[in-house]
Amino acid sequence: MADIRTSNADYPDDGQTFEGFVAWDAAAGRKSPAVMIASDWTGLLEPTRNRAEQMAARGYVGFGLDVYGKGKRGQQGADNSALINPLLADRARLRRRLLAGVAACAAHPAVDAQRLAVIGFCFGGLCALDLARANAPGLIGAVSFHGIYAPPGLGQQEPIRAKVLVCHGWDDPFTPVPATVGLAAELTEARADWQLHAYGRTVHAFTTAGANNPAMGAVYDANADRRSFAALEYFLDEIFRA
């Protein structure tokens with residue numbers, strides 16, 4: 001019988017305190033692989049906590065990453081540009097914050113620190129890709145769902161060790177075809193083991209239940225949501241049980 005526990009996890013970076021969220025099965029009796037969750041621009045709200053618990057129910061440790069700081073969260077359905085823009089403008093700072101979260105996740109007593117993955121949604125997809133680009137310690141898989149693909153521009157890219165899965169709405173206005181092709185070229189040049197799952201007639205935020213803003217190109221799609229989650233499950237099984 002599973003015994004799912006949850007707790008908050010404070011960790012420091014750059015003189016600030018950040019507050020992650022951890023979910024794990026206390027009945028496992030062993031260290032387990034961890035799946036870190038990088039949220040969309042709203043920050044670590046209930047959807048991210050729910051995904052962490054979802055990962056715990058599947059035998060992993062779920063760890064919600066915090067990039068804004070303890071007590072700093074956005075609002076669903078609101079403009080959260082004031083939170084996200086400083087990090088998009090300083091990708092080195094974003095990388096440091098993400099790596100601090102990885103270190104906090106790896107330090108949790110339920111986590112096998114050599115078997116880490118990260119999944120991210122929208123802005124979190126960019127974060128997941130940035131952790132793969134950074135070759136974060138222990139990271140063996142990174143998954144982007146309707147993410148942003150712009151590279152960080154932090155110098156020469158070393159070969160990417162983590163396997164990468166990109167789940168992409170083909171008509172996403174935030175990542176048009178040239179950006180998607182550019183990401184494929186970047187990952188190929190970095191000698192990554194990568195795959196791209198593209199869903200036709202699908203735009204941004206296709207996993208976000210309730211998203212319905214065609215004018216902004218952000219609409220939930222049940223088929224793409226289901227198919228991308230199935231791809232995630234297969235991917236995690238591959239990297240953690242190979």
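Residues numbered from 1 in each chain as written. Predicted model: local features only at pLDDT ≥ 70, side-chain atom pairs only at ≥ 80, totals over all residues. Heavy atoms only, no water.

Asker: Looking at this structure, I do not really get helix 5 (residues 177-189). What am I missing?
Answerer: It helps to recall that an α-helix has 3.6 residues per turn; residues three or four apart then point in one direction. Over its 13 residues, helix 5 runs 18 Å from end to end, which matches the ideal 18 Å to within 8%, given 1.5 Å per residue. Looking at helix 5, one finds that the buried residues are T180, L183, A184, E186 and L187. Each buried residue of helix 5 sits inside an arc of 160° when the element is viewed along its axis, so together they form one side. Facing away from the buried side of helix 5 by over 90 degrees, the exposed positions are P178 and E189. Buried positions along helix 5 lie against helix 4 (123-133), strand 7 (163-169) and strand 8 (194-199). (Helix = DSSP H or I, 4+ residues; strand = E, 2+ residues; numbered from the N terminus. Expected span 1.5 Å × (residues − 1). Buried < 20%, exposed > 50% of the residue type's maximum accessible area, 1.4 Å probe, protein only. Arc of directions from axis to C-beta. Contact = heavy atoms within 4.5 Å.)

Asker: I tried to follow the side chain of T202 on my own but got confused; where do I start?
Answerer: Within the secondary structure, T202 is located in the loop between strand 8 and strand 9 (212-213). A relative accessible area of 3% means that T202 is categorised as buried. Only 3.3 Å separates the side chain of T202 from the backbone oxygen of Y199, close enough to count as a polar contact. The contacts of T202, once residues within four sequence positions are left out, are G169, W170, D171, D172, D221 and A224. (Polar contact = N/O pair within 3.5 Å; in protein donor to acceptor, adjacent residues only side chain to side chain.)

Asker: Would you mind showing me how to read the packing of aromatic side chains here?
Answerer: Think of a pair of aromatic rings as described by two things: how far the centres are apart, and how the planes are tilted against each other in angle. Under the criterion given, the structure shown has five aromatic pairs. Consider the rings of Y11 and F63, whose centres lie 6.4 Å apart with planes at 40°: the pair is tilted. You can see Y11 sitting in strand 1 (residues 4-13) and its partner F63 sitting in strand 4 (residues 61-64), a full 52 residues away along the chain. Across the pair, exposure class does not vary: Y11 and F63 are buried alike. Residue placement shows R51 over the ring face of F121; its charged tip is 4.0 Å from the ring centre. (Phe/Tyr/Trp six-rings, centres within 6.5 Å; stacked < 30°, edge-to-face > 60°. Lys NZ or Arg CZ within 6 Å of the ring centre and 35° of its normal.)

Asker: It is not clear to me how unusual backbone geometry should be interpreted in this structure. Could you clarify?
Answerer: Negative phi characterises most residues that are not glycine, and trans characterises most peptide bonds. One non-glycine residue, N135, adopts positive backbone phi at about 50°. Within the fold, N135 resides in the loop between helix 4 and strand 6 (139-145). The phi dihedral of R191 is positive, around 60°, even though this residue is not glycine. With relative accessibility at 64%, the residue R191 sits in the exposed group.

Asker: Which parts of the structure should I look at to understand the environment of V203?
Answerer: Inspection of the secondary structure assignment puts V203 in the loop between strand 8 and strand 9. The spatial distance from the C-alpha of V203 to the C-alpha of V166 is 14 Å, given a sequence separation of 37 residues. Sequence-distant contacts of V203, defined by excluding residues within four places in its chain, comprise G169, D171, D172, P173, G217, A218 and V219.

Asker: So what exactly am I meant to see when it comes to the pattern of salt bridges here?
Answerer: According to the stated counting rule, one finds twelve salt bridges in the structure shown. Between R91 and D130 there is a salt bridge, with its nearest N and O atoms 2.9 Å apart. Here R91 is found in helix 3 (residues 91-107), whereas its partner D130 is found in helix 4, with 39 residues between them in sequence. Accessibility classification places R91 together with D130 in one group, the buried group. Among the salt bridges present, the one from R133 reaches E186, with a minimum N-O distance of 2.7 Å. Pair noted here: R133 is in helix 4 and E186 is in helix 5, with a separation of 53 residues, a long-range link. The same class applies to R133 and to E186, which are both buried. Counted as one network, the salt bridges with shared partners bring together R91, D130, R133 and E186. (Salt bridge = Lys/Arg side-chain N within 4 Å of Asp/Glu carboxyl O.)

Asker: Sorry if this is basic, but what is going on with the packing of helix 2 (residues 81-89) against helix 3 here?
Answerer: Helix-helix packing is characterised by the crossing angle of the two axes and by the distance between the axes. Axis separation between helix 2 and helix 3 bottoms out at 5 Å; the angle between their running directions is 105°. Taken together, the axes of helix 2 and helix 3 are roughly perpendicular relative to one another. Touching P86, L87, L88 and A89 of helix 2 are R91, R93, L94 and R97, all from helix 3. (Axes fitted to C-alpha atoms, helices over the stretch in contact; angles between N-to-C directions. Parallel < 35°, antiparallel > 145°, perpendicular 65-115°, else oblique.)

Asker: I would appreciate a short explanation of the sheet that holds strand 6 in the present structure.
Answerer: Picture the strands of a sheet paired through backbone hydrogen bonds; they go either parallel or antiparallel. If you trace the eight strands from one edge of the open sheet to the other, you get 1-2-4-3-5-6-7-8, paired in mixed fashion. Looking at the sheet topology across the chains shown, the edges are occupied by strand 1 and strand 8. Across the sheet, the axes of successive neighbouring strands diverge by a mean angle of 20°, strand direction being ignored. Examined bridge by bridge, strand 1 and strand 2 (residues 16-25) share ten bridges and lie antiparallel to one another. By the bridge assignment for strand 2, D13 is matched with Q16. Strand contacts of helix 5: strand 7 and strand 8, with the helix running at about 165° to strand 8, the strand carrying the most contacts. On top of the sheet, helix 6 (residues 222-241) reaches strand 3 (32-38), strand 5 (111-121), strand 6, strand 7 and strand 8; it is set at about 175° to strand 6, its chief contact. (Pairing = 2+ DSSP bridges.)

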